[in-house]
Amino acid sequence: MSKIFAVIGDPIDHSLSPNIHSAAFRELNLDCSYIAYRIPRGELEEGVEGLKKIKINGFNVTIPHKVEMMKYVDKIDESCSVIGAVNTVSNKDGILKGYNTDMDGFLEPFKKKELPIADTKVLLLGAGGAARAIVAGFAKEKASSITIANRTLDNAIKLAEFSEKIGLNANAIKIEDVKDSAKNYDIIVNATSVGLKNEPSPISLEGINEKTIVYDIVYMPMNTDFIKKAKEENATIIFGYEMLLGQAVRAFEIWHDMEAPYNAMKKALLGGF
Ligand code: ATR
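Worth saying up front: this structure is predicted, and the values here are computed from it rather than measured.

Definitions and limits used
- Residues numbered from 1 in each chain as written.
- Predicted model: local features only at pLDDT ≥ 70, side-chain atom pairs only at ≥ 80, totals over all residues.
- Heavy atoms only, no water.
- Core = buried A, V, L, I, M, F, W, Y, C linked by side-chain atoms within 4.5 Å.
- Buried < 20%, exposed > 50% of the residue type's maximum accessible area, 1.4 Å probe, protein only.
- Helix = DSSP H or I, 4+ residues; strand = E, 2+ residues; numbered from the N terminus.
- Domains from an automatic or database assignment.
- Contact = heavy atoms within 4.5 Å.
- Axes fitted to C-alpha atoms, helices over the stretch in contact; angles between N-to-C directions.
- Parallel < 35°, antiparallel > 145°, perpendicular 65-115°, else oblique.
- Left-handed = near helix turned anticlockwise from the far one by under 90°.
- Nonpolar A, V, L, I, M, F, W, Y, C, P; charged D, E, K, R; others polar.
- Buried area = accessible area lost by both parts, 1.4 Å probe.
- Salt bridge = Lys/Arg side-chain N within 4 Å of Asp/Glu carboxyl O.

1. Side note on the nonpolar core
Reasoning step 1: Judged by nonpolar contacts, the single largest core of 42 residues is most densely connected at Leu123, Leu125, Ile188, Ile203, Leu205 and Met265.
Reasoning step 2: Among the secondary structure elements, those contributing two or more residues to this core are strand S1 (3–9), helix H1 (17–28), strand S2 (32–38), strand S7 (121–125), helix H7 (225–232), helix H8 (240–256) and helix H9 (262–271).
Reasoning step 3: For this core, the element with the most residues is H8, which contributes nine residues.
Reasoning step 4: Taken together, domain 1 (3–100 + 245–271) and domain 2 (104–238) each give at least three residues to this core, which thus spans both.
Reasoning step 5: Among the nonpolar cores identified, the runner-up in size contains 34 residues, and Phe106, Ile134, Val135 and Ile217 belong to it.

2. Regarding the environment of tyrosine 241
Reasoning step 1: As for its placement among the helices and strands, tyrosine 241 is situated in helix H8.
Reasoning step 2: The spatial distance from the C-alpha of tyrosine 241 to the C-alpha of methionine 220 is 8.1 Å, given a sequence separation of 21 residues.
Reasoning step 3: For tyrosine 241, the residues in contact, after removing those within four places along its chain, are Tyr219, Met222, Lys266, Leu269, Leu270 and Phe273.

3. Digging into helix H4 (residues 102–112)
Reasoning step 1: Of all 11 residues making up H4, eight are buried, and the element is well covered by its neighbours.
Reasoning step 2: When we look at burial in H4, the residues that qualify are Asp102, Met103, Gly105, Phe106, Leu107, Glu108, Pro109 and Phe110.

4. Notes on the packing of H8 against H9
Reasoning step 1: Where H8 meets H9, the axes come as close as 10 Å, and the angle between the chain directions of the two elements is 135°. Here H9 runs oblique to H8, going by the angle between their axes. Here the hand of the crossing between H8 and H9 comes out right-handed. Two secondary-structure elements touch here, H8 through Tyr241, Leu244, Leu245, Ala248, Val249 and Phe252 and H9 through Tyr262, Met265, Lys266, Leu269 and Leu270.
Reasoning step 2: A breakdown of the residues in the contact of H8 with H9 according to their chemical character gives 10 nonpolar, no polar and one charged.

5. Comments concerning the domain arrangement of the protein chain
Reasoning step 1: Partitioning the protein chain into structural domains gives domain 1 (3–100 + 245–271) and domain 2 (104–238).
Reasoning step 2: Here domain 1 and domain 2 have C-alpha centroids that lie 26 Å from each other.
Reasoning step 3: When domain 1 packs against domain 2, close to 790 Å² is buried across both sides, 69% of that on carbon and sulfur atoms.
Reasoning step 4: The three residues of domain 1 that bury the most area against domain 2 are Val82, Ile83 and Tyr262, which together make up 50% of that side's buried surface.
Reasoning step 5: Connecting domain 1 to domain 2 are one salt bridge.
Reasoning step 6: A salt bridge links aspartate 104 to arginine 250, with the shortest nitrogen-to-oxygen separation between them at 3.2 Å.

Take a look at the structure:
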């Protein structure tokens, strides 16, 4: 029987997930479809009931439902209990299981490019939901330490406490106090929303070099000012779309129990820009 998948959220019109997953179905000749379904804030429970009625096989969850979705799944994978949010759901005979692919999606480009994380010094900009999954990723891969720099110091302090709790040495600073210290880090990640509206880079990247890994999780536009500044210093770049692709690949594997067609999915994603 034909299988059906979806992404739920609001806004949802610009989601690239339908393109990426449809390309995978075409590549492997799978009898599946994937739709974008707008569910406004406050209507998640009814929305999920509707999806169960049509016997949805799986769905992705995006803004603003990732945290609230925790209430509506029957089972929770370990990946969501650490992060406290769900972004992928599978449906097996009416039993919904929640996963979070943010961490694996974030780590995937490091694996693909064989860039080691163990024993590195990390500078993380931002302390929101995405930053939390990223901290969990660096803890898992045994980075040596992480400095969390954020506009609101309190949020950075809370995230640093979480980091210490899961075994990664952390300290918190205000983002403007990064000043000229970027060169002291091996990996620098932008997990703020700065760049989405073409804003200037949130920090100076002066003095970094080709060994410094600079990763922006903002994927639209692809070349943010942060990425441009990193290129000027010849740094090793990881683009936001690579994390998005990593997440889609992981979701595909959860739902279909087979290896995802990475190149076909990448082509579809890049075609969306
Ligand atoms: P996400 O789920 O994408 O992580 P979020 O949880 O809303 O989104 O987090 C957004 C992050 O971007 C936060 O770290 C936020 O800083 P605050 O904790 O101070 O709110 C950061 N951010 C958003 N707009 C910013 C701006 N104009 N300058 C600096 N940081 C900004």
